[in-house]
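Each chain, written out:
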Amino acid sequence: MTTQVLNRWGVIAVEGDDAVTFLQAQLSNDVAGMSEGQMRLAALCTAKGRMLGSFFVLRKGKLVFLATRKDTIDALVKRLSMFVLRSKCKVRNASAEYALGFVSNTDAPGPMRVVWADDGAAVASLRSLAGRLPGLVLQPRTEAQTLLVVEGDDDFEYTLQQLGMAYISQATAEMFIPQAVNFDLVGGVSFSKGCYPGQEIVARSHYLGKVKRRAFIATGNHAMPIAAGTDVWQHGKTNEPAGLVINAVAHQGRQHLLVELVADEALTPGNGFYITQGDTQVDLHLGPPPYDVHQKGNLFDTAQ
């Protein structure tokens, strides 16, 4: 199992007697109900339900790890620390203590499962992709260990794109509610766990009416890098953007994206979408993620 280092991703550690109960009241998913053998997705939202950050959550005793994009960590640590108050826990940037890696296949017993080693390292599987279980590696940085040297950010983020698993970066903080990036469809939101910041807005979008905006897989017809947060336009409509780029990563000479669009417009045959990069128009080839965007709520049971 070859492990590739993730340089664009880091770790927030929340540690102490109240770490789990504190995060239970802050994040979109059920932290108290997860075991040490599980990994879950979760978001930290504003009071208006906008995602400030997204996490892969692992727990080991009184220590909870939040794996997230490095460019969001300082703001997220500051935000979470504001609400610790009398809770017996501390929030810190633990990226200097733990390295993250990516593996293209794991020996995990199932999706979103965690296997812990005696030295505190963990291998956590994602969802099934082409008959394999790609995974995330959490490894303590110690002098006795060999640091990971092969860079894997592009491969990891491309895998997330293929799985339809969006993440928040600094460029997209506060742009999306969880449903707009399909976070509810990939097991990132619990609708039964109780209150957390933004819960009322997220629940209202779930229970009242139809979720109009969803995330779709796209590829660009140009090798030019595309930035997250870039406007997406629909051919024939120039009055306002049709949506936004959520994530973008280069893989094998092409740009691979997750884009947020009105679901009905994205799925209408004949509709075309593009972005502009200076004077260059980049047409997008759109496709659905590997699940039904018309569903509401978790397609993947957070209790698994």
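Each remark here, short or long, concerns the structure printed above.
These remarks concern the structure in this document. Residue numbers here run from 1 along each chain, matching the order of that chain's written sequence. Per-residue local features of the predicted model are confined to residues with pLDDT of at least 70, and side-chain atom pairs are confined, for both listing and counting, to 80 or more; whole-chain, interface and lining totals are unaffected and use all residues. Only heavy atoms go into the side-chain values, all of them from the structure, while hydrogens and water stay out.

Considerations on the packing of aromatic side chains
In step 1: Any two of the Phe, Tyr and Trp rings considered here, Trp counted by its six-membered ring, make a pair once their centres fall within 6.5 Å; the pair's planes then place it as stacked at under 30 degrees, edge-to-face at over 60, or tilted in between. Within this structure, the stated rule accounts for eight aromatic pairs.
In step 2: Arranged with centres 6.2 Å apart and planes meeting at 50°, the rings of Trp 9 and Phe 56 form a pair that is tilted. Of this pair, Trp 9 sits in strand β2 (residues 9–15) while Phe 56 sits in strand β4 (residues 51–60), placing them 47 residues apart in sequence.
In step 3: Three labels apply to residues, based on accessible area from a 1.4 Å probe with only protein chains included: buried if under 20% of the type maximum, exposed if over 50%, partly exposed otherwise in between. Classification of Trp 9 as buried rests on a relative accessible area of 3%.
In step 4: Ring centres of Phe 56 and Phe 156 lie 6.2 Å apart, and the angle between their planes is 55°; this geometry places the pair in the tilted category. Taken together, the residues Phe 56 in strand β4 and Phe 156 in helix α3 (residues 153–163) connect sequence positions 100 residues apart. Accessibility classification places Phe 56 together with Phe 156 in one group, the buried group.
In step 5: What links up through ring pairs into an aromatic cluster is the set Trp 9, Phe 56, Phe 102, Phe 156 and Tyr 167. Helix numbering and strand numbering both begin at the N terminus, where a helix is a DSSP run of H or I of at least 4 residues and a strand a DSSP run of E of at least 2.

Some words on the side chain of Arg 69
In step 1: If you trace the backbone, Arg 69 turns up in strand β5 (residues 63–69).
In step 2: Arg 69 gets classed as buried once you look at its relative accessible area, which sits at 13%.

Topic: the sheet that holds β2
In step 1: Only when DSSP finds a minimum of two bridges between them are two strands counted as paired. Ordered by their spatial adjacency, five strands build an open sheet running β3-β4-β5-β2-β6, and the pairing between neighbours is antiparallel. Of all the strands in the sheet, just β3 (40–45) and β6 (90–93) have a single pairing partner and so form its edges. Mean inter-strand twist for the sheet, computed between neighbouring axes without regard to direction, equals 30°.
In step 2: It only takes one pair of heavy atoms within 4.5 Å for two residues to be counted as in contact. What counts as an axis is a line fitted to C-alpha atoms, over the stretch in contact for a helix, and the angles between N-to-C directions run from 0 to 180 degrees. Sheet strands touched by α3: β2, β4 and β5. Its angle to β2, the strand with the most contacts, is close to 75°.

Digging into the pairing of strand β9 (residues 122–125)
In step 1: When strand β8 (residues 114–116) meets β9, the two strands line up antiparallel, connected through three bridges. Its bridge partner lying in β9, Val 114 is registered against Ala 124.
In step 2: Between the antiparallel neighbours β8 and β9 lie five residues, among them Gly 120 with a positive phi of about 90°.

Quick word on the environment of Leu 208
In step 1: Among the structural elements, Leu 208 can be located in the loop between α4 (199–207) and β11 (213–220).
In step 2: Of the residues examined, Leu 208 reaches a relative accessible area of 59% and is grouped as exposed.
In step 3: Taking C-alpha positions, Leu 208 is 33 Å from Ala 19, a pair spaced 189 residues apart along the chain.

Topic: α4
In step 1: Turning to α4, its buried residues number three or more, namely Val 202, Ala 203 and His 206. Along the long axis of α4, the arc covered by the buried residues comes to 95°, so they all point the same way.
In step 2: Trailing α4 by a residue or two, Gly 209 shows a phi angle of about 80°, which is positive. Think of the arc as the fan of directions from the helix axis to the C-beta atoms.

Considerations on the pairing of β11
In step 1: Along β11, seven of the eight residues are buried, which leaves the element largely enclosed by surrounding structure.
In step 2: Pairing geometry for β11 and strand β14 (residues 254–262), over seven bridges, is antiparallel. Across the sheet, the residue bridging to Arg 213 is Val 262, located in β14.
In step 3: Pairing of β11 with strand β16 (residues 280–287) involves four bridges; the strand directions are antiparallel. When the sheet's bridge partners are listed, Gly 220 is paired in β16 with Leu 284.

Points about the sheet that holds strand β13 (residues 243–251)
In step 1: One closed barrel holds the six strands; their spatial order is β11-β14-β13-β12-β15-β16, and the pairing between them is antiparallel. On average, each strand axis in the sheet is inclined to that of its neighbour by 45°, with strand direction left out of account.
In step 2: As judged from the seven bridges shared by β13 and β14, these two strands associate in the antiparallel manner. Residue pairing in the sheet places Asn 247 in a bridge with Leu 258 of β14.
In step 3: Running over the sheet, α3 touches β11, β13 and β14 and is turned about 135° from β13.

Section: the state of the cysteines
Among covalent bonds in proteins, the disulfide is the one between the sulfur atoms of two cysteines.
In step 1: In this description, a disulfide is simply a cysteine sulfur pair whose atoms lie within 2.5 Å. All told, the structure shown has zero disulfides when counted by the stated rule.
In step 2: Looking at the unpaired Cys 89, the closest cysteine sulfur is the one in Cys 195, lying at 19 Å.
In step 3: Given the relative accessible area of 9%, Cys 89 is considered buried.
In step 4: The thiol of Cys 195 is not disulfide-bonded; the next cysteine sulfur, from Cys 45, is found 13 Å away.

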